[in-house]
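Residue-level structure breakdown
Each chain, written out:
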Amino acid sequence: MWIKTRSNDQLVADAKALFDKHFDAQPVGVWAAPGRVNLIGEHVDYAGGVSIPFALEQNTAVAVATRKDGKLVMVSDAADEPVSVDLAAVGPGSPDNWAGYVAGTVWAGLKDGGIPSCAGLSIAVTSDVPVGSGLSSSAALECSTAVAAYELATGHAPDDAARARLVKACMRAENEVVGASTGGLDQNASLFGKRGHALELDFSSGALDLVPFDLAARGKVLLIADTNAPHSLSDGQYASRRGVIDDVQEALGAGPGATLRDIPDAVDRACAWAKDTGRDEDVVRRRVAHVVEETARTLEAAQALKEGNLDRFAELMRDSHLSLRDQYEVTTPELDSVFDAAGQLGARMTGGGFGGAVIVLLDQDKVDDTVAAIESAAKDRGFPEPTFLVALPGEGARRLA
Ligand code: ADP
Ligand code: MG
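Per an unreviewed UniProt entry, the recorded name for the protein chain is Galactokinase, and the organism is Corynebacterium phocae. Looking at the Sequence similarities (unreviewed entry) heading of the UniProt record, one finds this comment for the protein chain: "Belongs to the GHMP kinase family. GalK subfamily."

Pasting the structure below:
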């Protein structure tokens with residue numbers, strides 16, 4: 001089954017209609033921010049690595065009006081109840097539901113100055129980004145809120161410098177208010193995405209380069225297969241993977257300007273540290289090896305893309321999946337089933353793992369057969385029916401109406 005995506009006009013109309021249903025006022029405008037797909041470079045953003053995501057054409061849209069009562073009133077067609085919170089009451093763990101992504105963004109933006117002022121907002125949310133599928137519906141929600149709040153405060157759209165500050169606000173919302181660790185990959189992609197391009201993000205230097213990614217011209221397609229398998233234990237597992245890397249980085253003296261990839265013999269030194277501190281040496285070896293190798297692999301992948309060498313890129317995708325399966329251990333049987341069914345094509349899980357989606361780089365004329373193979377593999381093993389999307393690089397967060 002294919003995932004439905006609305007036109008921008010429809011998204012605007014639906015956001016306005018939802019606003020109209022819940023609020024007496026008129027919205028000032030409608031802003032949107034996309035989900036993202038990460039082509040390669042997984043679980044390295046919090047370790048000074050490199051990732052190559054692009055912004056999807058699937059967006060979250062927010063219809064927004066200002067208020068003067070110091071409240072944020074938020075409604076989403078994906079949530080049951082509207083949520084109302086005093087701006088002064090927003091902070092770590094509050095609000096403790098989906099609205100934490102929205103309110104947390106405004107809170108963090110006000111604290112850091114990324115959003116200069118806010119006396120209250122009414123916000124209606126509608127989204128085409130699959131939730132909890134590793135395509136970053138959370139960043140889409142934060143970033144759409146961020147550009148709306150920024151423009152309502154300043155009277156103009158954010159430039160690149162302002163966007164960089166909004167990335168920080170959105171990350172803080174997710175890390176501090178929601179309490180989910182995120183390394184900034186998602187928010188950068190959602191705020192800086194450009195049609196027809198992927199982004200090469202270097203988390204060590206902070207550099208952000210556009211890489212042409214026009215698959216159609218090469219007769220190729222990037223297929224996303226969402227496993228629809230329920231996430232379980234995802235938060236604790238993500239945090240535990242990250243915790244090992246954070247500890248290793250600290251023990252090895254990594255920091256600004258000297259991340260894991262700059263440390264010679266990082267894997268051996270991490271093993272020695274594990275031994276000294278009574279940790280499981282084999283686990284530490286595999287976790288650190290993934291981060292070091294995935295970063296090197298992603299740098300090579302960026303080069304392959306720039307040279308138009310999609311065959312090499314596909315090989316690197318496969319290697320990435322195998323490392324995430326065997327070394328980082330974040331895949332699930334459902335993700336591995338899609339990977340196996342996509343066979344010899346370039347395929348890998350995308351996002352944090354423990355559920356979510358697999359991307360497949362393939363020739364346009366192989367889409368139908370590949371979808372059928374993935375569906376029948378899931379059926380044979382009693383897994384949920386996967387859903388599909390053809391991913392094209394779209395624009396980053398912006399005003400729609
Ligand atoms: P992902 O970002 O991969 O989709 P996350 O677990 O990081 O998965 O974020 C999903 C959470 O974000 C949801 O559980 C919900 O709290 C929130 N969210 C995302 N999109 C929406 C939306 N349109 N309406 C309400 N909440 C949303
Ligand atoms: Mg997320």
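**A closer look at the UniProt feature "domain: GHMP kinase N-terminal" (unreviewed entry) in the protein chain**
Under the present numbering, the feature "domain: GHMP kinase N-terminal" (unreviewed entry) in UniProt falls on residues 102-194. Taken end to end, residues 102-194 comprises 60% helix and 8% strand; its first and last C-alpha atoms sit 23 Å apart.

**Focus on the pattern of salt bridges**
Counted according to the given criterion, the structure contains 23 salt bridges. Two residues, Asp 202 and Arg 261, come together in a salt bridge whose shortest N-O distance is 2.8 Å. Here Asp 202, found in strand 7 (residues 197-202), pairs with Arg 261, found in the loop between helix 6 (234-251) and helix 7 (266-276); they are 59 residues apart in sequence, far enough to count as distant. Judged by its relative accessible area of 16%, Asp 202 falls in the buried class. Given a relative accessible area of 30%, Arg 261 falls into the partly exposed group. Of the charged contacts in the structure, one is a salt bridge between Arg 286 and Asp 282, with a shortest N-O distance of 3.2 Å. In this pair, Arg 286 and Asp 282 are both assigned in helix 8 (residues 281-306), four residues apart and thus about one turn of the helix distant. Given a relative accessible area of 43%, Asp 282 falls into the partly exposed group. Connected via shared salt-bridge partners are Asp 282, Arg 286, Arg 287 and Glu 329.

**Observations concerning the site of ligand 1**
Taken together, the neighbourhood of ligand 1 is formed by 16 residues, with Ser 76, Gly 132, Ser 136, Ser 137 and Ser 138 sitting nearest. Within the contact set of ligand 1, an oxygen atom lies 2.6 Å away from a side-chain nitrogen or oxygen of Ser 137. Contributions of two or more residues to the shell around ligand 1 are made by strand 6 (121-127) and helix 3 (137-154). It is helix 3 that contributes the most residues to the shell around ligand 1, three residues altogether. Its residues placed into classes, the shell around ligand 1 shows eight nonpolar, eight polar and no charged.

**Remarks on the sheet that holds strand 4 (residues 71-76)**
Here we have six strands laid out as an open sheet, ordered 5-4-6-3-1-13, and mixed in their pairing. Of all strands in the sheet, those with a lone pairing partner are strand 5 (83-86) and strand 13 (398-399), marking the two edges. Along the sheet, helix 5 (residues 185-192) contacts strand 1 (29-38) and strand 3 (53-66); its crossing angle with strand 1, the most-contacted strand, is approximately 130°.

**A short note on the pairing of strand 1**
Most of strand 1 is tucked away: ten of the ten residues are buried. The pairing of strand 1 with strand 3 spans nine bridges and is classified as antiparallel. What sits directly across from Ala 33, in strand 3, is Thr 60. As paired strands, strand 1 and strand 13 are joined by two bridges and run antiparallel to one another. Counted as the bridge partner of Trp 31 is Arg 399 from strand 13.

**Some remarks on the nonpolar core**
By size, the foremost hydrophobic cluster in this structure holds 43 residues, and its most contacted members are Leu 72, Met 74, Ile 123 and Leu 191. Counting 41 residues, the second-largest nonpolar core is a separate cluster that includes Val 248, Phe 339, Ala 342 and Phe 354.

**Section: the state of the cysteines**
Per the counting criterion, the structure on display carries zero disulfides. We note that Cys 118 lacks a disulfide partner, and the nearest cysteine sulfur, in Cys 170, lies 14 Å from it.

About the criteria used
- Residues numbered from 1 in each chain as written.
- Chains lettered and ligands numbered in written order.
- Predicted model: local features only at pLDDT ≥ 70, side-chain atom pairs only at ≥ 80, totals over all residues.
- Heavy atoms only, no water.
- UniProt positions renumbered as here; feature names shortened; annotations may be inferred.
- Helix = DSSP H or I, 4+ residues; strand = E, 2+ residues; numbered from the N terminus.
- Salt bridge = Lys/Arg side-chain N within 4 Å of Asp/Glu carboxyl O.
- Buried < 20%, exposed > 50% of the residue type's maximum accessible area, 1.4 Å probe, protein only.
- Near = heavy atom within 4 Å.
- Polar contact = N/O pair within 3.5 Å; in protein donor to acceptor, adjacent residues only side chain to side chain.
- Nonpolar A, V, L, I, M, F, W, Y, C, P; charged D, E, K, R; others polar.
- Pairing = 2+ DSSP bridges.
- Contact = heavy atoms within 4.5 Å.
- Axes fitted to C-alpha atoms, helices over the stretch in contact; angles between N-to-C directions.
- Core = buried A, V, L, I, M, F, W, Y, C linked by side-chain atoms within 4.5 Å.
- Disulfide = S-S within 2.5 Å.

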